[in-house]
Amino acid sequence: MFDKILFGVGAASGLYLVRNLYTMLMVLPDEAAQGMIYRIMFFHIPSWWTCFICFFIAGAASGYSIAKKNFRADSLAVAATEVGLAFTFVGLATGMIWAKIIWGIWWTWDARLTWAFITALTYAAYLMMRNMIPDPNERMRVSGALNVFSFASVVICYKAIDWWRTQHPGAVMSFRTGGGNIDPAMEGMTYQNLFAFLMLCLVLVTVRLRQEESLRTLEGMRRLAFTRQRIAVLG
Amino acid sequence: MLRMSWTIFLKDVRMEFRGKEALNASLAFALVVLILFSFAFDPTSEQIREITGGLLWILFAFSGVLLVNRSFVREQSNDCLDVLLVSKVPASSLLLGKTMANLVFILLVEAVCLPVFSVLYNISMFQLPLWLLGVCLLASWAIAILGTAFAAMTVNLRLRELMLPVMLYPMIIPALAAAMYLTNNIAAGKVPVGDDLIWVRLLVGFNVIFTTLSLGLIDTILVD
Amino acid sequence: MLRMSWTIFLKDVRMEFRGKEALNASLAFALVVLILFSFAFDPTSEQIREITGGLLWILFAFSGVLLVNRSFVREQSNDCLDVLLVSKVPASSLLLGKTMANLVFILLVEAVCLPVFSVLYNISMFQLPLWLLGVCLLASWAIAILGTAFAAMTVNLRLRELMLPVMLYPMIIPALAAAMYLTNNIAAGKVPVGDDLIWVRLLVGFNVIFTTLSLGLIDTILVD
Amino acid sequence: MAVLEAKKVSKFFGHFPALRDLTFAFKAGDCIALLGRNGAGKTTLLHLMAGLTRPTDGSLEIARRVSLLGHGIGVYDELSARENLQFFANLLPVKVDVEVWLEKVNLREVAGAPLREYSRGMRQRLALARTFMGEPELLLLDEPFTSLDDKATALLQSLLAEALARQATVVLSTHQIPEAMAHASRILFLERGKLRYFGPCPDEMLGDSTWIYRTYGAVS
Amino acid sequence: MAVLEAKKVSKFFGHFPALRDLTFAFKAGDCIALLGRNGAGKTTLLHLMAGLTRPTDGSLEIARRVSLLGHGIGVYDELSARENLQFFANLLPVKVDVEVWLEKVNLREVAGAPLREYSRGMRQRLALARTFMGEPELLLLDEPFTSLDDKATALLQSLLAEALARQATVVLSTHQIPEAMAHASRILFLERGKLRYFGPCPDEMLGDSTWIYRTYGAVS
Ligand code: HEM
Ligand SMILES: Nc1ncnc2c1ncn2[C@@H]1O[C@H](COP(=O)(O)OP(=O)(O)OP(=O)(O)O)[C@@H](O)[C@H]1O
Ligand SMILES: Nc1ncnc2c1ncn2[C@@H]1O[C@H](COP(=O)(O)OP(=O)(O)OP(=O)(O)O)[C@@H](O)[C@H]1O
Ligand SMILES: [Mg+2]
Ligand SMILES: [Mg+2]
């Protein structure tokens, strides 16, 4: 039953994305200054928000897991981090494509872009670190603390446009600027795509969470089997 | 609690000054990298002035990581860490004591490197000695506290000498960037005023936030 | 003898590709240092073109040292090195096998870093792909052979992660300097001709001399 | 009046149960030999009693002053014997005369040299002094007889006797059953994380050291 | 017809004499128990016989095919049991069937998993397979009984018996004299680097394991 719901939500998010794509391409007009390519923002902005939300969940779950010694929360943290990292790469890729077309270069070292890169690296390091710790308890403790630390880079990345003068555009969404910087139709479209992304994200995180949980069980069972096997030696 | 930190600080400093091995080695490392830099970036050009702060703090970050890396390894070699924890030494005392010891070591490396750099690159660093001292203290504390906390996390890893910088550098970039900027100004003889003071505030804020965070989390990191 | 080298090469590569831990970590390390550099040296200025080679080879030297450092540590952890030597594996086979494995790892890191650097610093590195490949091969071999030999020397030191770079960097500066110069030219799209070829000869000569020397001395280093 | 009391203690590494549902209590003056095959959970149990890890389930009340001699010897190679003892003495709540202990383990004459120059036996003697000084109430020793020669073994036995005489509790894990039998008053036998036997030393064990494995160990 | 012959062998670490003027010879099929107090020079002597260090003085002729089990276990944690044995088999001059050895130490079913997941006992069994495979002529074992439980000890004893049956020479250092006595045909007793006794096992040692220390060791 749960599988079916999950599948349903996944399918719905796919359909929703297709519908959004249609509206984007067929209904909305080209933007005055940027022309056709501005539509990439409907993916760029929501994917960054989705990844920030994922990292926030991961940080909170990590904090909970180390405070309460809760392995499920730890699994949630990995799942959210992995999915968040995927969205980070979508954000990076769309941003870079956009930059190539608008600025003529793939990359520049302004605060926003740099910290987006740093964020990707810190969370990649978190995942790497997990793989290197064989003891599950220590893994939860150490990587949990690391995840809490890592959230600092997300905060800096989010606030970078306010703290430094960046080449990356400043805030346009009305909840940050008070409105007036973006056409309401485009803003609406951004939220719609964000919603689709979040649905997709929910499905992915759930799937990864269950996978992680069964992996953990499997690891324990294999250890047990190994001990039994050991005992059996030489009658 | 502070008394225990002090005991641990004294022990770490004594252990290091016994052979001065890590200190000498990371000093040698810093000097070697300075030479390496002189091949990579033309040291006679005028532009070198603009990257003084960058060069120096990259150098200090590198040798700082090597120093803090030893910090918990020293405790690990004979399972001394277990003995300390069994003796009811609070993890935060341990962190504080070790951070202070590491701060001393990092400052010593800086104290040697700065004059050498001045001479080799013909840049007078000591026009504003108090500002320089302040920046060194603040930024070195940032390296020491976060470095020691992360060293505690990575101490059991086989690849700790690789993972420590990978995790630490992104985290201390704000502090390093501030230190680089301020050092550039100091080397040019400009007292930071007005807008530049934001970097000082950044350094202080960074230290306050991450010292609190590290002290709060260290218990979870070390004790199962 | 070469058959044994090959066995050891395969084993090392298989061990590394099993978890790819050291590879991933040193790749992450290289990327992190790339970011650090962007703070230290104004990356949008035109002068960055002149120090492309310097930046890149400092980066490769750093992550290369971290990679070769693992090489003998892997053998040490369970006293495997003793077992190999008792099995009458010649020390030079061991060195050769491990050097080849390290060369592969270093080249892999370079293969990822070069395009990333190209994009991030907006410098097209691949105008002269064959020259670039040649320089990378030669200079990476220099890092690999000397690094592996020195790793064998330092493996028993408590401070090996500190001592290895301290000993290695001064030794490979000629090779690095040549690689930096040539890479600068290649990035600017200039085929090395005439006087520049002396750097190529330097690289080749360096490799021949130090490969011979390392193979000759490794037996003394490893067997008491 | 138990020094240490465990109630339904379990310890999981992830989903792997290293210890399951252990219930026992130690009294002052007990000397418990912790026996079990490789991987039975002896080290894990000692770490739990030391407070280095917390149980996943159940409750464990620990004595106030615990001292541990683990797989590593727990002294610093860079310091001298005297500095080592002084450092650990400073962390203790009670005053300890370091010189007395140096004398006791016969290291007084070389106490100024850094440990790096000591032979293995000398380092082990120092580790013993570090463990036994300060009159700990609970002594946890993980395979203390490993690689000890006859003299070091005799020293350890005499320190054990002394500690037991002042009503300290001693828990020692070992595979060398004859050595352990010299002082052990009770046996705690683990098999794959389960408590199989806890009680006084059976007479059968005196002559036949693998008796307990055969009797209480798994049949398979 | 000696497998190994040492003539006036000395080994100095700097000015410290770890071994002094040792002269002895081992024959095929001998099982020598290398005894001595901590720091007597047992490990140093084994390393010399293995060819890992060369004597400072004197001459030492070594057998052709030597196999060593040192303080470390000498297998790679990152590889699986099968890959480990295959790798070491590739380095041997003779062909070895790895599967047979996996079966022998009962690791066949788990042979594909990386060693990191093995328990301590399983790793030790793998190390034993690595050491005994390929019919080495000289087997050097440094404290092989340390931390082995009853079953692992039994496996080691059976492998020893097998090796001795095919006329291999075995040298094992240990502090656990009863275990060593099961197969040892000769005793080599060192005291502070000097050879104090080399000959057949004295009858006195069977019941009283510290007899040799008391009889041939220094009085102090
Ligand atoms: C690789 C290059 C880029 C990176 C790493 C990047 C990174 C980010 C990040 C992290 C956000 C989300 C944070 C937030 O909502 O405040 C964001 C939002 C945004 N990005 Fe980018 N970006 C890149 C390129 C670009 C380009 C080239 C443009 C357009 C010229 C652009 C326009 C925007 C806009 C309009 C927003 C939404 C701002 C808001 O109202 O919040 N980005 N970008
Ligand atoms: N950190 C850990 N992570 C995962 N499993 C562990 C960890 N530590 C121990 N184990 C497992 O718990 C079990 C008990 O281990 P423990 O070290 O307590 O055994 P032991 O009785 O001390 O064995 P030995 O006689 O070999 O010392 C083993 O199966 C081991 O694999
Ligand atoms: N590399 C070395 N450098 C200096 N001295 C050494 C070295 N290796 C061993 N020694 C010294 O040589 C002596 C013999 O050491 P060895 O390890 O052979 O003793 P052992 O008989 O194996 O002792 P144990 O029973 O403790 O293992 C010791 O006094 C030791 O301090
Ligand atoms: Mg144990
Ligand atoms: Mg020994």
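Predicted, not measured: the structure shown is a model, and the values here were computed from it.

**Student:** Teacher, can you tell me more about the overall build of chain A here?
**Tutor:** Within chain A one finds 7 helices and 0 strands. Order of helices (α) and strands (β) in chain A, N terminus to C terminus: α-α-α-α-α-α-α. For the C-alpha atoms alone, the extent of chain A along its principal axes is close to 80 × 40 × 30 Å. Across the 235 residues of chain A, 54% fall into the buried class.

**Student:** Could you clarify how one ought to interpret the site of ligand 1 in this entry?
**Tutor:** All names here are of chain A. Taken together, 25 residues lie around ligand 1, and His44, Trp49, His168, Val172 and Arg176 are the ones closest in. Between ligand 1 and the protein, one listed contact pairs a nitrogen atom with a side-chain N or O atom of His44 at 2.8 Å. In the environment of ligand 1, an oxygen atom lies 2.8 Å from a nitrogen or oxygen atom belonging to the side chain of Arg112. Of all the elements in the fold, those that place two or more residues in the shell around ligand 1 are α2 (41–68), α3 (71–102), α4 (111–132) and α5 (136–163).

**Student:** Mind showing me how you'd approach a positive patch on the surface here?
**Tutor:** Taken together, Lys151 of chain D together with Arg20, Arg192, Lys194 and Arg196 of chain E make up a surface patch of like positive charges. Mapping Lys194 of chain E onto the fold places it in strand β9 (residues 194–200). Using a relative accessible area of 37% as the deciding quantity, one classes Lys194 of chain E as partly exposed.

**Student:** Sorry if this is basic, but what is going on with the nonpolar core here?
**Tutor:** Across soluble globular proteins, nonpolar side chains have a tendency to be buried as a group. Among the nonpolar cores identified, the biggest contains 418 residues, and Phe150 of chain B together with Trp57 of chain C are the most heavily contacted of them. Setting aside residues up to four positions removed in sequence, Phe150 of chain B forms contacts with Leu146 and Phe149 of chain A together with Leu164, Met167, Leu168 and Met171 of chain B.

**Student:** Help me understand the interface of chain B and chain D, please; the structure alone is not making it clear to me.
**Tutor:** By a widely used convention, the size of an interface equals the accessible area lost when the partners come together. With 24 residues of chain B at the interface, the matching set in chain D holds 28 residues. Interface area for chain B against chain D, summed over the two sides, is near 2,300 Å², with a carbon-plus-sulfur share of 60%. The interface formed by chain B and chain D holds 2 salt bridges in total. With its nearest N and O atoms 3.7 Å apart, the salt bridge here joins Glu83 of chain D to Arg14 of chain B. There are 9 residue pairs in polar contact (both at pLDDT 80 or more) connecting chain B and chain D. Elements represented by at least two residues in the side of chain B that touches chain D include exactly α1 (2–19), α3 (52–76) and α4 (80–86) of chain B. Residue contributions to the side of chain B that touches chain D peak at 8 residues, all from α1 of chain B. Of the residues assigned to the side of chain B that touches chain D, the class counts are 10 nonpolar, 3 polar and 11 charged.

**Student:** Please explain the coordination of the iron atom of ligand 1 as it appears in this structure.
**Tutor:** As a benchmark, a tetrahedral metal site with four donors has ideal angles of 109.5 degrees, while an octahedral site with six donors has ideal angles of 90 or 180 degrees. Residues and elements named next belong to chain A. Protein coordination at the iron atom of ligand 1 comes from His44 (NE2) and His168 (NE2), with a distance range of 1.9 to 2.1 Å. Each of the 6 donor atoms around the iron atom of ligand 1 contributes to a set of angles spanning 86 to 179°, which defines the coordination as octahedral. A residue pair is termed long-range when its members are at least 10 positions apart, and His44 in helix α2 and His168 in the loop between α5 and α6 (174–177) qualify at 124 residues.

**Student:** Where do I start with the relation of the copies chain C and chain B in this structure?
**Tutor:** The two chain copies are related to each other by a rotation about an axis together with a translation along it. Its rotation angle being 180°, the transformation that places chain C on chain B also includes 0.0 Å of axial translation and leaves an RMSD of 0.1 Å. Given the turn and translation reported, the copies of this chain are related as if by a two-fold rotation axis. Of every C-alpha in chain C, the one belonging to Glu161 of chain C sits nearest the axis of rotation, 3.5 Å from it. Most of the interface of chain C is mirrored in chain B: 100% of its interface residues are interface residues there too.

**Student:** I keep staring at the pairing of strand β5 (residues 66–69) of chain E and nothing clicks. Help me out?
**Tutor:** The side chains of a regular strand alternate, residue by residue, between the two faces of the sheet. All names here are of chain E. Residues Val66 and Leu68 point to one face of β5 and Ser67 and Leu69 to the other, with burial holding for every one of them. Note: β5 against strand β6 (residues 138–142), 4 bridges, orientation parallel. Across the sheet, Ser67 pairs through a bridge with Leu139, a residue of β6.

**Student:** For this particular structure, what's the right way to read unusual backbone geometry?
**Tutor:** Note: most residues except glycine have negative phi, and most peptide bonds are trans. Residues and elements named next belong to chain E. Notably, Glu143 is not glycine yet its phi reads approximately 45°, a positive angle. You can see Glu143 is positioned in the loop between β6 and α5 (150–165). In this model, Gln167 sits at a positive phi of 65°, which is unusual for a non-glycine residue. Here Gln167 is to be found in the loop between α5 and β7 (169–173).

**Student:** I would appreciate a short explanation of the site of ligand 2 in the present structure.
**Tutor:** Lining the immediate environment of ligand 2, one finds 16 residues, of which Gly39, Lys42, Thr43, Thr44 and His175 of chain D sit closest. Nearby residues around ligand 2 are contributed by chains A, D and E. The separation between an oxygen atom of ligand 2 and a polar main-chain atom of Gly41 of chain D is 2.9 Å. Interatomic distance of 2.6 Å between a side-chain N/O atom of Thr44 of chain D and an oxygen atom of ligand 2.

**Student:** What should I look at first to understand the interface of chain C and chain B in this one?
**Tutor:** Each side of the interface is counted separately: chain C has 38 residues, and chain B has 38 residues. For the pair chain C and chain B, the summed buried surface comes to about 3,500 Å²; carbon and sulfur atoms form 80% of the total. It is Leu36, Glu161 and Leu162 of chain C in chain C that bury the most area against chain B; as a group they hold 17% of the surface buried on that side. In this assembly, chain C and chain B are joined by 5 salt bridges. Two residues, Glu161 of chain C and Arg70 of chain B, come together in a salt bridge whose shortest N-O distance is 3.4 Å. Counting the contacts that link chain C with chain B gives 6 residue pairs in polar contact (both at pLDDT 80 or more). Broken down by secondary-structure element, the contributors of at least two residues to the side of chain C that touches chain B are α2 (21–40), α3 (52–76) and α7 (160–187) of chain C. Looking at the side of chain C that touches chain B, its residues break down into 28 nonpolar, 4 polar and 6 charged.

**Student:** Can you help me understand the packing of aromatic side chains in this one?
**Tutor:** What describes a pair of aromatic rings is the distance from one ring centre to the other and the angle between the planes of the rings. With the rule as written, the count across this model stands at 45 aromatic pairs over all chains. With 5.7 Å between their ring centres and 45° between their planes, Phe87 of chain A and Phe197 of chain A make a pair best called tilted. Linking Phe87 of chain A in helix α3 with Phe197 of chain A in helix α7 (residues 184–231), this pair joins segments that are 110 residues apart in sequence. An angle of 45° between the planes, with centres 5.6 Å apart, marks the rings of Phe37 of chain C and Phe41 of chain C as tilted. Feature note: the residues Phe29, Phe62 and Tyr169 of chain B together with Phe29, Phe62 and Tyr169 of chain C constitute an aromatic cluster, connected by ring pairs. Its end group placed over the ring of Phe87 of chain D, Lys11 of chain B keeps NZ or CZ at 5.3 Å from the ring centre.

**Student:** Even after reading the chapter, I still don't get the pairing of strand β8 (residues 186–191) of chain E, so can you show me in this structure?
**Tutor:** All names here are of chain E. For β8, the tally of buried residues reaches 5 of 6 residues, placing the bulk of the element in the interior. Of the pairings in the sheet, the one linking strand β3 (residues 31–36) to β8 comprises 5 bridges and is parallel in character. Bridged to Leu35 within β8 is Phe189. Between β8 and β9, which pair antiparallel in sequence order, lie 2 residues; one of them, Arg192, sits at a positive phi of approximately 45°.

The rules we used
Residues numbered from 1 in each chain as written. Chains lettered and ligands numbered in written order. Predicted model: local features only at pLDDT ≥ 70, side-chain atom pairs only at ≥ 80, totals over all residues. Heavy atoms only, no water. Helix = DSSP H or I, 4+ residues; strand = E, 2+ residues; numbered from the N terminus. Buried < 20%, exposed > 50% of the residue type's maximum accessible area, 1.4 Å probe, protein only. Near = heavy atom within 4 Å. Polar contact = N/O pair within 3.5 Å; in protein donor to acceptor, adjacent residues only side chain to side chain. Patch = residues over 30% accessible without salt bridge, like charges linked within 9 Å, V, L, I, M, F, W, Y side chains within 5 Å. Areas by Shrake-Rupley, 256 points an atom, 1.4 Å probe, with all protein chains shown as cover. Salt bridge = Lys/Arg side-chain N within 4 Å of Asp/Glu carboxyl O. Lys, Arg positive; Asp, Glu negative; His and termini not counted. Charge placed at Lys NZ, Arg CZ, Asp CG, Glu CD. Core = buried A, V, L, I, M, F, W, Y, C linked by side-chain atoms within 4.5 Å. Contact = heavy atoms within 4.5 Å. Buried area = accessible area lost by both parts, 1.4 Å probe. Nonpolar A, V, L, I, M, F, W, Y, C, P; charged D, E, K, R; others polar. Donors = N, O, S within 2.8 Å, 3.2 Å for Na, K, Ca; no water. Tetrahedral: all angles 85-135°; square planar, octahedral: opposite > 155°, others 65-115°. Least-squares fit on C-alpha atoms with pLDDT ≥ 70 in both. Pairing = 2+ DSSP bridges. Phe/Tyr/Trp six-rings, centres within 6.5 Å; stacked < 30°, edge-to-face > 60°. Lys NZ or Arg CZ within 6 Å of the ring centre and 35° of its normal.

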